[in-house]
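Secondary and tertiary structure notes
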Protein chains: 4
Amino acid sequence: MDGSQVRHNGPGRTRASILGAARTVFAEKGYSGANVNEIVTLARTTKPMIYYHFGSKELLFAAVLEDVYAGMREYEQSLEVAGTPAADAMRRLVEVTFDYHAAHPDWIRLISIANIHRAKHIDGSPTLASRNAAVLEIVQRLLLRGAAEGVFRDGIDPLHLHLLIASFCFYRVSNRHTWKIIFKRDLADAADAIRQRDMAVDAVLRYLRPDNPPAN
Amino acid sequence: MDGSQVRHNGPGRTRASILGAARTVFAEKGYSGANVNEIVTLARTTKPMIYYHFGSKELLFAAVLEDVYAGMREYEQSLEVAGTPAADAMRRLVEVTFDYHAAHPDWIRLISIANIHRAKHIDGSPTLASRNAAVLEIVQRLLLRGAAEGVFRDGIDPLHLHLLIASFCFYRVSNRHTWKIIFKRDLADAADAIRQRDMAVDAVLRYLRPDNPPAN
Amino acid sequence: MDGSQVRHNGPGRTRASILGAARTVFAEKGYSGANVNEIVTLARTTKPMIYYHFGSKELLFAAVLEDVYAGMREYEQSLEVAGTPAADAMRRLVEVTFDYHAAHPDWIRLISIANIHRAKHIDGSPTLASRNAAVLEIVQRLLLRGAAEGVFRDGIDPLHLHLLIASFCFYRVSNRHTWKIIFKRDLADAADAIRQRDMAVDAVLRYLRPDNPPAN
Amino acid sequence: MDGSQVRHNGPGRTRASILGAARTVFAEKGYSGANVNEIVTLARTTKPMIYYHFGSKELLFAAVLEDVYAGMREYEQSLEVAGTPAADAMRRLVEVTFDYHAAHPDWIRLISIANIHRAKHIDGSPTLASRNAAVLEIVQRLLLRGAAEGVFRDGIDPLHLHLLIASFCFYRVSNRHTWKIIFKRDLADAADAIRQRDMAVDAVLRYLRPDNPPAN
DNA sequence: AATGAATGAGTTTTCATTCAT
DNA sequence: TATGAATGAAAACTCATTCAT
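What counts as what
- Residues numbered from 1 in each chain as written.
- Chains lettered and ligands numbered in written order.
- Predicted model: local features only at pLDDT ≥ 70, side-chain atom pairs only at ≥ 80, totals over all residues.
- Heavy atoms only, no water.
- Near = heavy atom within 4 Å.
- Polar contact = N/O pair within 3.5 Å; in protein donor to acceptor, adjacent residues only side chain to side chain.
- Helix = DSSP H or I, 4+ residues; strand = E, 2+ residues; numbered from the N terminus.
- Contact = heavy atoms within 4.5 Å.
- Buried area = accessible area lost by both parts, 1.4 Å probe.
- Salt bridge = Lys/Arg side-chain N within 4 Å of Asp/Glu carboxyl O.
- Nonpolar A, V, L, I, M, F, W, Y, C, P; charged D, E, K, R; others polar.
- Least-squares fit on C-alpha atoms with pLDDT ≥ 70 in both.
- Buried < 20%, exposed > 50% of the residue type's maximum accessible area, 1.4 Å probe, protein only.
- Domains from an automatic or database assignment.
- Expected span 1.5 Å × (residues − 1).

Remarks on the protein's contact with DNA strand E
Around DNA strand E, 41 residues are found, and the nearest of them are N35 and Y51 of chain A, T14 of chain B, T14 of chain C together with N35 of chain D. Counting only the atoms of DNA strand E within 4 Å of the protein, the fraction contributed by sugar and phosphate is 64%. Measuring from a phosphate oxygen of DNA strand E, one finds a side-chain N or O atom of T14 of chain C at 2.4 Å. The set of elements that each furnish at least two residues to the surface near DNA strand E consists of α2 (36-43) and α3 (47-53) of chain A, α3 (47-53) of chain B, α3 (47-53) of chain C together with α3 (47-53) of chain D.

Quick notes on the interface of chain D and chain C
Taken together, the contact between chain D and chain C spans 61 residues of the former and 60 residues of the latter. Approximately 5,500 Å² of surface area, both sides summed, lies buried where chain D meets chain C, with 65% of it carried by carbon and sulfur atoms. Joining chain D to chain C, the criterion identifies twelve salt bridges. At the junction of chain D and chain C, the tally comes to 21 residue pairs in polar contact (both at pLDDT 80 or more). Split by residue class, the side of chain D that touches chain C holds 29 nonpolar, 14 polar and 18 charged.

Details of the interface of chain B and chain A
Contacts between the two partners involve 60 residues from chain B and, on the opposite side, 61 residues from chain A. When chain B packs against chain A, the two sides together hide about 5,500 Å² of surface, and 65% of this comes from carbon and sulfur. Summed over the three residues of chain B that lose the most area to chain A, namely I116, L163 and R206 of chain B, the buried surface amounts to 12% of that side. In this assembly, chain B and chain A are joined by eleven salt bridges. Note that E28 of chain B and R118 of chain A form a salt bridge whose closest N and O atoms lie 2.8 Å from each other. Taken together, chain B and chain A are joined by 20 residue pairs in polar contact (both at pLDDT 80 or more). Contributing elements (two or more residues each) for the side of chain B that touches chain A: α1 (13-33), α4 (57-77), α6 (105-116), α7 (126-130), α8 (134-149), α9 (158-174), α10 (176-183) and α11 (190-208) of chain B. Considering each element in turn, the side of chain B that touches chain A owes the most residues, 13 residues, to α9 of chain B. Within the side of chain B that touches chain A, the residues separate by chemical class into 29 nonpolar, 13 polar and 18 charged.

Comments concerning the relation of the copies chain B and chain A
The two copies are related by a screw operation: chain B maps onto chain A through 180° of rotation and 0.0 Å of translation along the axis, at an RMSD of 0.1 Å. Taken together, the rotation angle and the small translation identify this as a two-fold axis. Here 100% of the contact residues of chain B are again contact residues in chain A; the copies associate through an equivalent surface.

Things to note about the pattern of salt bridges
Pairs can form between side chains of opposite charge whenever their charged atoms are close. Residue and element names in this part refer to chain A. Enumeration over the complete set of coordinates arrives at 81 salt bridges over all chains. Here R92 and E95 are joined by a salt bridge, their closest N and O atoms 3.0 Å apart. Pair noted here: R92 and E95 are both in helix α5 (residues 86-103), with a separation of three residues, about one helical turn. For R92, a relative accessible area of 36% corresponds to the partly exposed category. Overall, E95 belongs to the buried group, its relative accessible area being 13%. Residues joined in a network through salt bridges with shared partners are R91, R92, E95, D99 and R197.

Some words on the domain arrangement of chain A
Residue and element names in this part refer to chain A. Domain parsing of chain A yields domain 1 (1-55) and domain 2 (64-208). Distance between the C-alpha centres of domain 1 and domain 2: 31 Å. On the side of domain 2, ten residues touch domain 1, which itself brings nine residues to the contact. Of all residues in domain 1, the largest losses of buried area upon contact with domain 2 belong to R23, A27 and Y31, amounting jointly to 64% of the total for that side. Our count for the contact surface shared by domain 1 and domain 2 stands at one salt bridge. D67 serves as the salt-bridge partner of R23, at 3.5 Å between the closest nitrogen and oxygen. One can count two residue pairs in polar contact (both at pLDDT 80 or more) joining domain 1 with domain 2. Class assignment for the residues of the side of domain 1 that touches domain 2 results in five nonpolar, two polar and two charged.

Brief notes about helix α11 (residues 190-208) of chain A
For α11 of chain A, built from 19 residues, the straight-helix expectation of 27 Å at 1.5 Å per residue is met to within 8% by its first-to-last C-alpha distance of 27 Å. Restricting attention to buried positions, one finds in α11 of chain A the residues D192, A193, Q196, M199, A200, V201, A203, V204, L205, R206, Y207 and L208 of chain A. If you follow the buried residues of α11 of chain A, they end up packed against α5, α8 (134-149) and α9 (158-174) of chain A together with α9 and α11 of chain B. Where α11 of chain A begins, the capping side chain belongs to D189 of chain A, and its oxygen is found 3.3 Å from the backbone nitrogen of A191 of chain A.

Re the environment of I122 of chain B
Position of I122 of chain B relative to the elements: it lies in the loop between α6 and α7. Separated by 63 residues in the primary sequence, I122 of chain B and L59 of chain B place their C-alpha atoms 9.5 Å from one another. If we ignore the near neighbours within four places in the chain, the residues touching I122 of chain B are T178 and I181 of chain A together with L65, Y69 and L128 of chain B.

So, the relation of the copies chain D and chain C
The transformation that overlays chain D on chain C combines an axial shift of 0.0 Å with a rotation of 180°, and the residual RMSD is 0.1 Å. Comparing interface residues between copies, 98% of those in chain D also sit at the interface in chain C, which points to an isologous, same-surface contact.

A short note on unusual backbone geometry
Non-glycine residue R44 of chain A carries a positive phi angle of around 55°. Turning to its location among the elements, R44 of chain A is positioned in the loop between α2 and α3. Its identity as a non-glycine residue notwithstanding, R118 of chain C has a phi of 55°, on the positive side. Positionally, R118 of chain C belongs in the loop between α6 (105-116) and α7 (126-130).

Written as structure tokens, this is what we have:
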């Protein structure tokens, strides 16, 4: 009757829109709190499509998490800072990490939710298992470079350094709601956030600084 | 009128057992994932008792969270270390914080869950509102003492320092499941945990150390 | 507001009415074809009551089947025919079996349905496992008595004799619909049924008759 | 217009494979329990093919039943035993019937399922309506021949005799699952089956034997 | 303070069927 | 003929909450 047919989106279109909607809703409500109906409404499709494309609510959540971790690649690529002194590169790495977390609260919420469920939804994922966590190698190379330059101490475990950085950047976002109530200060406040960012850089660089720095 | 008397537990006994069971179940499954039936089964009582004592599932969860934060008092009291050099006291504070978090994963899970729900269940709680976060004062006093002793730098925001410490101690527990899958290392591994603990102390003390330490 | 309260039937009332409704609906539609909604409507209650009282649709069906087999007791009790010549007693046994099957088509349908599902719903039932099939003993005693009287042959397996009797009585009911279409005769036709009944008795007695009957 | 041609199976190939898969699945799960998806997966085709070739799930089931009854022809043809004494021929007829049922449990399950649904899926089928049930004529001729030979009684209704034979052969297969649980004996046990077969023959021949057999 | 049973609304999931290509 | 994707209706099941006692 009319040429403007709405049915049948392009291939993969429905799947993608479900994934996006699911990401939003899961991040907002948690796994159990999220509601399949709300997801399909937001995705402008129907419930069976979830089961057709993903198999179950659980597998849909797993797909969302894979998607979230795919985003980690993007973050990791932005970490590579070539050709600068190690200390500057490290400063940059902390700042980028800080900013990425600050800019992606959904990412953080979804990872928190995954942990509440003991990461069972990504356990056994071939995609994630085959991943080699690029951050660690970047950090590792940077540590070696800094040590060679004489600006970082030796023997730092890159995983532990990453833990120091990531925990700070993640927690200030993930736990800001309880902090606001308990400590009456909003960690997301812009002015304060800048000082937290400086602090993170400072803490990392001081931690790495050799006890007898080169006298140059 | 008839011999079949209903057994009463001691006063508050039912309430307490519901609270304990709820804590376990909410920590395990999250707010929405937790199920009122499971709670009463674990508490060896019946559903109406929840409504009698707490009013609703939401209010029960709020009560659990208050209970969790009451545990914070216990932690804070163990922080007070009198009569020692500031640096030693600070080392102690970090260690106690680290150990407390490591020993109370449920506490951490519940706080994560509260944050997923944007802390709405504790928002407006008179108990929590009236709380003056003792940690901050302890940290504050310690910072001043250390500055006076000349072993800490000036101008450190106690909230930020607490953030540095707490984020590390919290995150390594809260996010250990996803870390295990992504980085193939278990942050809870005993030997590694010791090194993380040393690192936390080290990072904090190096962060506080004055640039020109007193020549003593 | 009004004294005629309908809610809350007597204890066990809801359970019993669900069981009765389920029996009707399962017999009518088969296990998968039966619909939980229809059952609760017929039982004048609500869906959760099925899950509260029985646990699942499958367990409800299992309960129906147990109920069906409980009916077998009633049938078995009516088999005991004391103090008559063995041949007369056997005639009576066949007739009672015939009549019982003819009078309980639902019983037959439910057992057919159970067999379609390979009896998995009653497999492992403690009630049914502990049952000692009284028919077999009755038949056994009757065979011995007849042999002693010299009117039955020796060495008949009571289970096989019961198979001969039951198969005829069951099948003519269970398969009458396909027979009607294939052979254009209705096995349930009253006049014909009488002849079938006579035939069943006749076939059994002739089968049991000794080759050299006592010359009395 | 483009190289990506859809693979066509041979003519009727898809139809036949759907029919075969449907037979398997319906026999296994019953009409309602069977699932169109499972059928097409087993048939290695897609759902619309069912609707293209058969019109609906119900019509597909009807087609399966027609197919099942077509198998009856094969059975009936194997019944014709020429040129032997009537008693031997009858023995053979019972044995063939017994063996055919024993060898085709799916056939039996499908007929049971059809009866659960009151044979509505084959009601009105022109194919089946036009069928003249060959068994009955074979049995009829055999009875006449036996009577002429003086080895069978007169006046036996061939339909009733067929009922006696078929019920035994069908029921021992159709109801073996519940029998196994109730009577703790497996009617399909090979050694026992032989005795059941002998019994069937014996029961039929004794039923037919004249009261005053010819003294030959 | 306690219980067994009930309720209504909602949850995830399934299914036969059909559309566009 | 054949396919991948979509649909609408309904299926089984769950849940927080409340009633009558």
